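# Coordinates in review
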Amino acid sequence: MHKRLFFSSLAIILITLLLSILSVNLVFQKQFSDYLARSTEETLEQLPERLSSSFLSHGCWDKDSLYDIAHSLPLGTHILLKKPTGETIMTLINPMETMMKSDSEINMGMGIDMGLNYAVEEWKSRTLAIYGPQGLLAFADVRYPARAKVLNPADQSFVSAIYQSLLLAGLLALLIGSLLSYWTSRRLTTPLQTLTHAVQRVGEGHLDEQVSVTTRDEVGQLATAFNRMADNLKKQEHLRKQFTADIAHELRTPLTSIRSYIEAFQDGVLPADNENLTIINEEIERLVELSSDLKDLNVAEMGALQPNFTHVDISELIDKTVNKLSPLIQEKGLALQWHKPDSLLIDGDEYLLTRLFYNLLHNAFKFTESPGTISIQMETQPTDILVSVRDSGVGIPEKDLPLIFERFYRAEKSRSRETGGTGIGLALVKQITLLHQGTLEVKSAQGEGSQFTVLLPLSIKEQFKNQ
Ligand code: ADP
């Protein structure tokens with residue numbers, strides 16, 4: 001690419017140079033020919049009148065008077081003056097031209113006339129009729145140069161001086177252009193080469209790779225985008241590793257517990273009674289919940305989750321979710337504030353909305369110690385409903401707030417491990433809210449509690465329902 005850029009710039013410079021030489025040549029020749037023809041034609045316009053007054057003043061064709069007229073003719077103009085009967089009266093040529101000729105014979109119709117300062121390439125000819133008061137006096141066959149090449153040494157040296165300066169300017173342009181195009185192409189390709197190298201390194205798994213951004217142009221923007229992408233990949237990779245570790249832990253804890261119970265049953269240390277089987281069942285429940293959380297989040301993030309929108313009684317739905325968790329909340333010694341409002345139908349997926357409020361409420365329960373309060377409020381607005389879940393629990397550190405909706409993110413790992421959870425719950429809450437064209441907000445202060453607010457539209461636009 002570097003070479004291609006360099007050579008194409010050189011080609012452009014050479015073509016420009018060639019075209020300018022050609023156009024100067026053309027313009028100069030044309031101007032000269034135009035000037036020659038125009039000045040001759042202006043003189044010829046007065047010729048019939050001058051010839052007729054010469055004849056009238058002398059009563060015949062006087063040689064001296066005609067010689068005077070020939071004196072004023074432009075160089076290269078030849079006139080054959082004939083009587084109306086066709087008989088030649090005289091040939092009129094500027095005597096200066098005749099003097100300059102080595103050969104005095106006038107060679108009518110030949111291309112180059114050596115008596116002139118230019119080479120005639122094309123002639124024009126016309127016949128003028130000369131009238132007197134008594135009628136036609138004579139005909140004048142006129143031939144004059146229409147297109148000519150400059151031969152005059154002074155004019156020629158002027159033209160070649162122009163060519164020389166053009167050539168000099170061209171060479172200079174070629175030199176400066178080559179340097180500039182070499183510099184520009186290097187400047188363009190070097191960061192691209194660095195970027196290619198960095199992309200290869202990232203491809204090989206070196207996610208720490210960053211490139212320096214030195215410009216603000218398109219290449220600079222590409223470098224910035226690359227850095228952001230590599231950064232993001234690194235973050236995702238870190239989360240993935242963390243998640244694998246967490247998942248292993250989450251799976252191991254209930255499985256180990258189940259295995260120890262079964263071993264105890266086999267050894268007869270513990271009786272396989274209802275109480276012990278309930279504990280095993282709870283552990284299995286936890287595993288089932290984890291796997292369905294994972295599946296739902298994966299599907300939601302791939303954009304393949306197909307919500308089944310129906311008219312859902314949202315106050316009934318929240319009430320059911322609260323009732324499901326209220327035994328646990330009360331058992332933990334927490335106060336629960338919830339007043340079921342009147343029925344209200346909104347467009348939504350019943351299963352997903354239940355997951356959304358269950359996750360928020362379950363988090364409030366997990367992260368609040370006794371004595372504490374959990375309150376749920378629902379407010380109806382003209383086009384939306386606003387549901388907030390507030391707790392007086394441990395709160396979320398400010399630095400973690402922007403990250404808690406990322407999947408697998410858990411603030412204060414050791415604490416979260418005690419409470420269980422994989423950092424999937426809020427990521428799922430966010431995806432479900434987006435699927436319902438809603439918004440989600442969190443306010444929290446460490447040690448004081450947290451408040452999650454979900455805004456859901458009452459009705460979902462048709463085109464989104466079928467996506
Ligand atoms: P987890 O399965 O760990 O609860 P979530 O995605 O539901 O995952 O939550 C992510 C993190 O956000 C939690 O680990 C916790 O640190 C923080 N968090 C969520 N809800 C609350 C809350 N009500 N109070 C305090 N911290 C919370």
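What this report covers is the structure whose coordinates are included nearby. In this text the structure is predicted, and so the values were computed from the model without any measurement. (Residues numbered from 1 in each chain as written. Predicted model: local features only at pLDDT ≥ 70, side-chain atom pairs only at ≥ 80, totals over all residues. Heavy atoms only, no water.)

### Considering the overall build of the protein
Check the secondary structure of the protein and you find 11 helices and 11 strands. Across the 467 residues of the protein, 39% fall into the buried class. Long-range pairs, those at least 24 residues apart, make up 68% of the contacts in the protein with a sequence separation of at least 6. Put simply, the protein shows about 27400 Å² of open surface, and 57% of that area lies on carbon and sulfur atoms. (Helix = DSSP H or I, 4+ residues; strand = E, 2+ residues; numbered from the N terminus. Buried < 20%, exposed > 50% of the residue type's maximum accessible area, 1.4 Å probe, protein only. Contact = heavy atoms within 4.5 Å. Areas by Shrake-Rupley, 256 points an atom, 1.4 Å probe, with all protein chains shown as cover.)

### Let's talk about helix α10 (residues 425–435)
Turn by turn, an α-helix covers 3.6 residues, leaving residues three or four places apart pointing in a common direction. Counting buried positions along α10 gives 8 out of 11 residues, so the element sits mostly inside the fold. G425, L426, A427, L428, V429, Q431, I432 and T433 are the residues of α10 that are buried. Directly beyond the C-terminal end of α10, a positive phi value near 55 degrees is found at Q437.

### Overview of the sheet that holds strand β8 (residues 372–380)
The pairing of strands in a sheet happens through backbone hydrogen bonds and is either parallel or antiparallel. Spatially, 5 strands are ordered β6-β8-β9-β11-β10 in an open sheet, and the strand pairing comes out mixed. A single partner strand is all that each edge strand has here, and the edge strands are β6 (334–337) and β10 (439–445). The average undirected angle you get between the axes of adjacent strands in this sheet is 10 degrees. Note: β10 against strand β11 (residues 449–457), 7 bridges, orientation antiparallel. Bridge pairing in β11 places A445 opposite G449. Each of β6, β8, β9 (384–391) and β11 is contacted by helix α8 (residues 350–366), which is oriented at about 170 degrees to β11, the strand it contacts most. Against the sheet, α10 makes contact with β10 and β11, and its axis sits at roughly 145 degrees relative to β10, the strand it touches most. (Pairing = 2+ DSSP bridges. Axes fitted to C-alpha atoms, helices over the stretch in contact; angles between N-to-C directions.)

### Quick word on the packing of helix α7 (residues 314–331) against α8
One way to put it is that α7 packs onto α8 with a least axis distance of 9 Å and a crossing angle of 35 degrees. Between α7 and α8 lies a crossing whose hand is right-handed. The residues of α8 that touch α7, namely those facing I314, L317, I318, K320, T321, V322, K324, L325, L328 and I329, are E350, L353, T354, F357, Y358, L361, H362 and F365. Residues belonging to the contact of α7 with α8 are distributed by class as follows: 12 nonpolar, 3 polar and 3 charged. (Left-handed = near helix turned anticlockwise from the far one by under 90°. Nonpolar A, V, L, I, M, F, W, Y, C, P; charged D, E, K, R; others polar.)

### With respect to the nonpolar core
Looking at soluble globular proteins, one finds that nonpolar side chains tend to be buried together. Counting 47 residues, the largest nonpolar core has I314, I318 and F357 as its most contacted members. Looking at this core, the elements with two or more residues in it are α5 (218–267), α6 (274–301), α7, α8, β8, β9, α10 and β11. A per-element tally of this core places α8 first, with 9 residues. Beyond its immediate stretch of four places on either side in the chain, I318 contacts W338, F357, I376, M378 and V387. Core analysis: the next-biggest nonpolar cluster, separate from the first, contains 21 residues, L47, I79, L92 and L137 among them. (Core = buried A, V, L, I, M, F, W, Y, C linked by side-chain atoms within 4.5 Å.)

### Comments concerning the packing of α8 against α10
The geometry of α8 relative to α10 is characterised by a closest axis approach of 9 Å and an angle of 145 degrees between their N-to-C directions. The chirality of how α8 crosses α10 is left-handed. Residue-level inspection shows L352, L353, R355, L356, N359, L360 and N363 of α8 in contact with α10, the latter providing G425, L426, L428, V429, I432, T433 and L435. When the residues that make up the contact of α8 with α10 are grouped by side-chain class, the tally is 9 nonpolar, 4 polar and 1 charged.

### Here's the deal with a negative patch on the surface
Together, E282, E285, E289 and E331 line one region of the surface with negative charge. Here the negative patch takes 3 residues from α6, the largest share from any one element. (Patch = residues over 30% accessible without salt bridge, like charges linked within 9 Å, V, L, I, M, F, W, Y side chains within 5 Å. Salt bridge = Lys/Arg side-chain N within 4 Å of Asp/Glu carboxyl O. Lys, Arg positive; Asp, Glu negative; His and termini not counted. Charge placed at Lys NZ, Arg CZ, Asp CG, Glu CD.)

### Details of unusual backbone geometry
Cis geometry marks the peptide bond from S370 to P371, where omega comes out at -5 degrees. Secondary-structure assignment places P371 in the loop between α8 and β8. Even without being glycine, Q437 reaches a positive phi, approximately 55 degrees. The residue Q437 is located in the loop between α10 and β10 in this model.

### Description of α8
With 17 residues, α8 should cover 24 Å at 1.5 Å per step; its first-to-last C-alpha distance of 24 Å lies within 8% of that length. In terms of burial, α8 is largely enclosed, as 14 of its 17 residues are buried. Measuring from the side-chain oxygen of the N-cap residue of α8 to the backbone nitrogen of Y351 gives 3.0 Å; that N-cap residue is D349. (Expected span 1.5 Å × (residues − 1). Polar contact = N/O pair within 3.5 Å; in protein donor to acceptor, adjacent residues only side chain to side chain.)

So far we have only geometry, and geometry alone does not tell us how the molecule works.
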